[in-house]
Amino acid sequence: MDKRDQLIQKLRNIAVKTPENDVEVPEKVEGFGTIEYGAQTCSACKKCILACEPAALDMDPTMNLPDYLKATIPHDGFRSKNRESLVTLLQGLREEGNVVAISVPDGLPGYGSIAWAADRCIACDKCIEACLEDCLTLEKTYKLPEIIGEVKPPPSITVSKDWEPFILCFVCWECSHAAADLAGLMHLHYPTNIRTIRIPCLGAVEPMHIMTALENGVDGVLLTGCLLSECHYGGDSPKAGNFMQYDFVKFWMDVLEEIGMGGRIHIDSASAAMGIKFADIVKEFTEKIQNLGPSPIRGKLEVR
Ligand code: SF4
Ligand code: SF4
């Protein structure tokens, strides 16, 4: 099982409701997207399939004729003249609604459709570069309902009256770890529900870390790093670890919302001198998780 498979498996493990909507992928977030395919100009050359390392594409031996009826032939024609003739012929013969998908006879080259597997695609663009007919585009949406499928709600759990949230907090060692230390030195009172994990930079936290925590019944995951524009490894570059992680966390928040785990991650910043702010971040997030209640994953874990 590769890293992508593992991540998707974790998402399926933590899903407590069937997702209904695709999720928008923020501009800076790479590796997630949807391949849109225009069958009309496809010459079934298979170049995209050969270019796709994760094997997210395959040749479907059918041709969906209604797609060809909808095609508009540009004034300078299609690059593939065979395909242009087929579209012209079909449009001359039939009205939309009367035609359906047809099977391509075994071994007939040049005909067929591209099938795309949402759960294998890493949005690398290689198929788009390989396609000479401009049939493929990458859209910044993540087809969550297709990837997760139907979800059975987990068994409900009994919440004991002395339940306290368990929160995992990733802190960067350049700033937020010092802010946490300062909060201690200042004898500030903040909830002891967090367990901190020190990391070099917020950018080092991978989705796998967050999903593994949630998969194991953690009630909430907090990430705190340097102030925006003050990342020790990227400064004010839009590609600095903390800038990048804000976009990633926004994406994962939307994904978690769709699968019934909304509100259980939060990202914030506190510089080394901001002990009070760090204590406030922890207090606010702990209150939020207290209101949400224990992770519904605990029901699944109890059964296991
Ligand atoms: S974007 Fe990359 S992974 Fe996705 S289908 Fe194209 S080549 Fe395959
Ligand atoms: S989508 Fe493009 S590269 Fe893929 S089979 Fe069709 S024409 Fe060839």
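Throughout this document, residue positions are counted from 1 along each chain, in the order its sequence is written. Just so you know, chain letters begin at A and ligand numbers begin at 1, following the order they were written in. Only residues with pLDDT of 70 or above have their local features reported here, since the model is predicted, and side-chain atom pairs are shown and tallied only from 80 upward, although totals for entire chains, interfaces and linings are computed over all residues. Calculation of side-chain values draws on the structure's entire complement of heavy atoms; hydrogens and water are dropped beforehand.

## Section: the environment of arginine 298
Examined against the element boundaries, arginine 298 turns out to sit in helix H11 (residues 297-303). C-alpha separation for the pair arginine 298 and alanine 178, spaced 120 residues apart in sequence, amounts to 32 Å. Residue contacts follow a heavy-atom distance rule, with two residues in contact if any of their heavy atoms lie within 4.5 Å. Residues contacting arginine 298, with those up to four places away along its chain left out, are Ile157, Trp163, Phe166, Gly217 and Asp219. The numbering of helices and of strands both runs from the N terminus, where a helix is a DSSP run of H or I of at least 4 residues and a strand a run of E of at least 2.

## Some points on the site of ligand 2
To be near a molecule or strand, a residue needs just one of its heavy atoms within 4 Å of it. Taken together, the neighbourhood of ligand 2 is formed by 13 residues, with Cys42, Cys45, Lys46, Cys48 and Cys131 sitting nearest. When its residues are assigned to classes, the shell around ligand 2 shows nine nonpolar, one polar and three charged. Note on residue classes: Ala, Val, Leu, Ile, Met, Phe, Trp, Tyr, Cys and Pro are nonpolar, Asp, Glu, Lys and Arg are charged, and everything else, Gly too, is polar.

## Comments concerning the site of ligand 1
Around ligand 1, the surrounding shell holds 13 residues, and the nearest of these are Cys52, Cys121, Ile122, Cys124 and Cys127. Its residues assigned to classes, the shell around ligand 1 shows eleven nonpolar, no polar and two charged.

## Regarding the sheet that holds strand E11 (residues 220-225)
Taken in spatial order, the four strands of this open sheet run E10-E9-E11-E12, and their pairing is parallel. Each edge of the open sheet is held by one strand with a lone partner, namely strand E10 (194-199) and strand E12 (265-269). For this sheet, the mean angle separating the axes of adjacent strands, direction not counted, is 20°. Whether two strands pair depends on DSSP finding at least two bridges between them. Two strands pair when backbone bridges link them, and strand E9 (residues 167-172) and E10 are joined in this way by six bridges, in the parallel orientation. Bridge pairing in E10 links phenylalanine 170 to isoleucine 197. Of the strands in this sheet, E9, E11 and E12 are in contact with helix H8 (residues 207-215), which crosses E11 at around 150°. Axis definition: a line fit to C-alpha positions, over the contact stretch in the case of helices; interaxial angles, taken between N-to-C directions, run 0 to 180 degrees. Along the sheet, helix H10 (residues 275-292) makes contact with E9, E10, E11 and E12, crossing E11 at roughly 160°.

## Quick notes on the environment of lysine 47
By the element assignment, lysine 47 lies in helix H2 (residues 47-51). A simple rule labels every residue: compare its accessible area, found with a 1.4 Å probe on the protein chains alone, to the largest value its type can have, and call it buried under 20%, exposed over 50%, or partly exposed in between. We classify lysine 47 as partly exposed; its relative accessible area is 38%. Counting along the chain gives 177 residues from lysine 47 to threonine 224, while the straight-line C-alpha distance between them is 44 Å. Apart from residues lying up to four places away in sequence, lysine 47 is in contact with Ala130 and Leu132.

## Quick notes on the pattern of salt bridges
Salt bridges are counted wherever a side-chain nitrogen of Lys or Arg sits within 4 Å of a carboxyl oxygen of Asp or Glu. Evaluation of the coordinates by the stated rule reveals 13 salt bridges. Residue glutamate 53 pairs with lysine 126 through a salt bridge whose shortest N-O separation is 3.2 Å. With glutamate 53 in the loop between H2 and strand E3 (57-60) and lysine 126 in helix H5 (residues 126-130), this residue pair connects regions lying 73 residues apart in the sequence. The structure contains a network of salt bridges with shared partners spanning Asp2, Asp5 and Arg120.

## As for the packing of aromatic side chains
Side-chain rings of Phe, Tyr and Trp, where Trp is taken by its six-membered ring, are said to pair if the distance between their centres is within 6.5 Å; with planes under 30 degrees apart they count as stacked, over 60 as edge-to-face, and otherwise as tilted. According to the stated counting rule, one finds six aromatic pairs in the structure shown. Between the aromatic rings of phenylalanine 32 and tyrosine 142, the centroid separation amounts to 5.2 Å while the plane-to-plane angle is 90°, which identifies the pairing as edge-to-face. Taken as a pair, phenylalanine 32 in the loop between strand E1 (23-24) and strand E2 (34-37) and tyrosine 142 in strand E8 (residues 141-142) lie far apart in primary sequence, 110 residues in all. The class of phenylalanine 32 is buried, set by a relative accessible area of 6%. Their ring planes at 65° and their centres at 5.7 Å tell us that tyrosine 142 and phenylalanine 251 sit as a pair that is edge-to-face. One end of the pair, tyrosine 142, is in strand E8; the other, phenylalanine 251, is in helix H9 (residues 241-258), with 109 residues separating them in the sequence. For the pair formed by tyrosine 142 and phenylalanine 251, the shared burial category is buried.

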